[in-house]
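Below are the chains, spelled out letter by letter.
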Amino acid sequence: MAVIGAGIAGIATAARLAVAGHAVTVFEAAATFGGKMHQFALPGGYRFDAGPSLFTLPQLVDDIFRLAGREPADYFRYERLDPITQYFFADGTRLTAWADAAKFAAEVEEKLDTPAAAVTQFLSRSGRAYDATAGTFLHKSLHKAGTYLSPETLKAVAALPQLGLLGTMHQRHARAFADPRLVQLFDRYATYNGSDPYQAPATLSMIPHLEHGIGAFYPEGGIYAIAASLHRLAEEFGVKFRYNEPVEEITVAEGRVTGLRTALDAYAFGQVVSNMDVVPTYRRLLPQQPAPERTLSQPRSSSALIFYWGIAREFPALDLHNIFFSGDYQREFQAIFQDKTVADDVTVYVNVTSKKTPADAPAGHENWFVMVNVPHDQGQDWAALTAHTRRVVLAKLSQALGAEIEPLIAAEKVWTPPGIAADTSSFGGALYGSSSNNALAAFLRHPNFSGRLDGLYFCGGSVHPGGGIPLCLLSAKIVSSLINEE
Ligand SMILES: Cc1cc2nc3c(=O)[nH]c(=O)nc-3n(C[C@H](O)[C@H](O)[C@H](O)COP(=O)(O)OP(=O)(O)OC[C@H]3O[C@@H](n4cnc5c(N)ncnc54)[C@H](O)[C@@H]3O)c2cc1C
């Protein structure tokens with residue numbers, strides 16, 4: 001069987017299928033594996049993870065090694081982060097998000113004048129909501145009748161009203177907390193799947209439980225180690241990776257997939273799993289086939305502008321994950337999702353892996369991954385928006401850190417939404433496929449299989465259960481079970 005794309009979901013799918021005994025070939029358009037999870041170096045000795053930086057649910061990676069009968073730590077190691085994030089609010093308040101819920105709540109009580117109990121109650125409710133629903137909504141196909149008939153699903157659906165999960169995420173947080181800074185902190189979790197807290201359903205309020213209940217983690221060697229370790233396992237189980245070979249067509253006869261075609265050759269395969277974004281999979285690889293238009297027209301998630309900077313100084317105030325909030329969050333999301341532009345004040349995320357892996361930057365230097373959430377590409381003037389955002393970011397960071405940042409930039413690269421689209425084929429450069437800006441979004445994502453063409457399957461961030469590393473790994477699990485069951 002074939003997998004189109006060596007993103008994290010494609011690699012995980014290939015590894016799972018190979019472990020189950022299938023012969024698997026992965027076709028990858030780029031020169032190497034990883035997709036959004038690739039790494040690169042900048043002159044002067046700086047290494048960067050290009051895309052994801054925040055990592056939860058590492059057991060989903062371990063599961064694949066265990067499935068293969070291997071010891072996970074022989075391939076992949078990680079540490080639990082504590083603290084998780086340093087927050088810098090627009091009014092100058094600084095807050096440390098400790099991993100432990102009680103310690104985090106005590107910090108909130110001291111810095112944000114909110115009773116600690118309000119935070120611990122909120123987090124434990126998030127935990128109960130997660131436990132009640134994740135098994136149904138994330139671990140299974142939502143598009144097979146069996147999922148709906150299970151007692152677990154009925155329990156999950158019945159639990160929703162009592163869990164206070166009606167309305168939007170922002171409404172839920174504004175009800176729970178009086179301090180707008182704390183509301184902003186929890187609203188931020190909407191961006192974990194590229195959504196808008198003022199539209200996204202309150203069910204997403206369970207995301208903080210992943211960090212404060214289960215944990216946030218850092219893989220030894222950086223996020224790229226996730227892709228590299230699974231790639232190694234896949235190769236050990238005989239998966240063949242064909243790089244620089246973009247698939248141009250999925251071939252079909254009489255309602256079934258028969259294989260695929262690249263510029264080099266035509267190949268026969270009984271099953272094809274597309275890890276390519278579902279929109280271009282239909283538009284470019286299956287142009288003659290009817291496409292599920294309603295699914296493909298779901299609004300896209302946000303994208304990002306990322307500045308990768310080699311910085312010729314160390315900043316003790318920074319940690320691995322740092323957030324510098326804007327003064328007006330609502331205006332910022334209005335700019336992204338309604339006005340399709342970048343606001344005049346933005347929230348800036350700075351990830352510094354050299355804090356954990358010193359070899360990622362020369363001694364006395366740091367490698368800054370500086371990211372701003374922006375709309376996906378709809379033909380905006382990205383040169384102008386990038387210049388504007390760079391100015392805003394430099395002013396904000398210089399002020400908050402008490403040092404002029406621009407003269408410290410020793411190496412630089414920028415990734416824009418059109419760049420992300422060109423490098424990974426993600427539609428509009430959206431980071432997480434379709435957004436979760438309405439209550440039905442989970443049901444409107446494309447299933448992990450085609451309802452029209454036998455032998456065609458889908459994995460990755462643009463299909464069920466959604467974007468982000470854990471969900472991509474779950475899509476691989478769902479797809480491989482569907483194939484194995486058949
Ligand atoms: C800047 C950024 C920050 C992010 N931050 C986080 C984070 O902190 N935490 C988190 O969990 N997630 C984060 N994400 C999201 C996460 O990276 C993605 O959800 C995930 O990596 C997507 O993996 P994927 O397997 O769906 O596909 P992709 O990584 O998109 O890979 C698809 C692959 O398919 C290949 N391909 C496409 N078309 C073809 C074709 N026709 N033939 C052959 N190959 C093809 C592409 O070249 C690519 O390698 C971030 C993403 C970005 C870009």
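Residues numbered from 1 in each chain as written. Predicted model: local features only at pLDDT ≥ 70, side-chain atom pairs only at ≥ 80, totals over all residues. Heavy atoms only, no water.

It is worth spelling out the domain arrangement of the chain at this point. You'll often see interface size given as the accessible area lost when the parts meet. Assigned domains of the chain: these are domain 1 (2-35 + 222-297 + 440-485), domain 2 (82-214) and domain 3 (302-375 + 378-415). Taking only C-alpha atoms into account, the centre of domain 2 sits 25 Å from that of domain 3. The interface of domain 2 with domain 3 comprises 20 residues on the first partner and 19 residues on the second. Both sides together, the interface formed by domain 2 and domain 3 hides about 1,700 Å², and carbon and sulfur atoms give 60% of it. The largest contributions to the domain 2 side of the interface with domain 3 come from Phe88, Gln184 and Tyr198, which together make up 35% of the buried area. At the surface where domain 2 touches domain 3, the tally comes to zero salt bridges. (Domains from an automatic or database assignment. Contact = heavy atoms within 4.5 Å. Buried area = accessible area lost by both parts, 1.4 Å probe. Salt bridge = Lys/Arg side-chain N within 4 Å of Asp/Glu carboxyl O.)

Adjacent strands of a sheet form backbone hydrogen bonds with each other and so pair up, either parallel or antiparallel. Strand order in this open sheet of three strands is β5-β9-β6, and the pairing throughout is antiparallel. Each end of this open sheet is capped by a strand with a single partner; those strands are β5 (55-56) and β6 (78-80). Pairing geometry for β6 and strand β9 (residues 216-219), over three bridges, is antiparallel. When the sheet's bridge partners are listed, Arg80 is paired in β9 with Phe217. Packed onto the sheet, helix α9 (residues 207-214) meets β5, β6 and β9 and runs at close to 90° relative to β6. (Pairing = 2+ DSSP bridges. Helix = DSSP H or I, 4+ residues; strand = E, 2+ residues; numbered from the N terminus. Axes fitted to C-alpha atoms, helices over the stretch in contact; angles between N-to-C directions.)

It is worth spelling out the site of the ligand at this point. Near the ligand you find 34 residues, and of these Glu28, Lys36, Gly461, Gly468 and Ile469 are the closest. In this structure, a nitrogen atom belonging to the ligand sits 3.5 Å away from a side-chain N or O atom of Ser425. For the ligand, the accessible surface in isolation is 1,000 Å², of which the surrounding protein chains cover 95%. Within the residue set of the shell around the ligand, elements represented by two or more residues are α1 (8-19), α15 (417-424) and α17 (469-485). Among the elements that line the shell around the ligand, the one with the most residues is α17, at three residues. Of the residues belonging to the shell around the ligand, the class tally is 17 nonpolar, 14 polar and three charged. (Near = heavy atom within 4 Å. Polar contact = N/O pair within 3.5 Å; in protein donor to acceptor, adjacent residues only side chain to side chain. Areas by Shrake-Rupley, 256 points an atom, 1.4 Å probe, with all protein chains shown as cover. Nonpolar A, V, L, I, M, F, W, Y, C, P; charged D, E, K, R; others polar.)

Attention now moves to empty space enclosed by the protein. Under the definition given, this model contains two cavities of 30 Å³ or more. Taken as a whole, the largest cavity spans an internal volume of roughly 40 Å³. Forming the walls of the largest cavity are Arg47, Phe48, Asp49, Asn351, Thr353, Asn367, Trp368 and Phe369. Partitioned by chemical class, the residues of the lining of the largest cavity number three nonpolar, three polar and two charged. In this structure, the second largest cavity occupies an estimated 30 Å³ of space. Around the second largest cavity, the lining residues are Val278, Thr295, Gln298, Arg300, Ser434, Leu444, Arg445, His446 and Ser462. Split into classes, the residues belonging to the lining of the second largest cavity amount to two nonpolar, five polar and two charged. (1 Å grid on protein atoms, 1.4 Å probe; cavity = no way out; pocket = protein on both sides within 12 Å on 5 of 7 lines; lining within 4 Å. Points joined across faces, edges and corners; volume = space filled by probe spheres on them.)

For any two helices packed against each other, one specifies the inter-axial angle together with the distance between the axes. Between α1 and helix α2 (residues 59-67), whose axes approach to 10 Å, the crossing angle comes to 25°. Classified by the angle between their axes, α1 and α2 sit roughly parallel to one another. Where α1 crosses over α2, the two elements pack in a sense that is left-handed. Residues Ala12, Ala15, Arg16 and Val19 of α1 lie in contact with α2, whose contacting residues are Asp63, Ile64 and Leu67. (Parallel < 35°, antiparallel > 145°, perpendicular 65-115°, else oblique. Left-handed = near helix turned anticlockwise from the far one by under 90°.)

What follows is about the packing of aromatic side chains. To describe a pair of aromatic rings, you give the distance between the ring centres and the angle between the ring planes. A full pass over the atoms with the stated rule returns 31 aromatic pairs. Their ring planes at 45° and their centres at 5.5 Å tell us that Phe76 and Tyr78 sit as a pair that is tilted. Taken together, Tyr87, Phe89, Tyr198, Phe325, Tyr329, Phe333 and Phe337 form an aromatic cluster joined through their ring pairs. Seen from the ring of Tyr75, Arg232 lies directly overhead, with NZ or CZ sitting 4.0 Å from the centre. The cationic tip of Arg313 hangs over the ring face of Phe315; the distance from NZ or CZ to the ring centre is 4.0 Å. (Phe/Tyr/Trp six-rings, centres within 6.5 Å; stacked < 30°, edge-to-face > 60°. Lys NZ or Arg CZ within 6 Å of the ring centre and 35° of its normal.)

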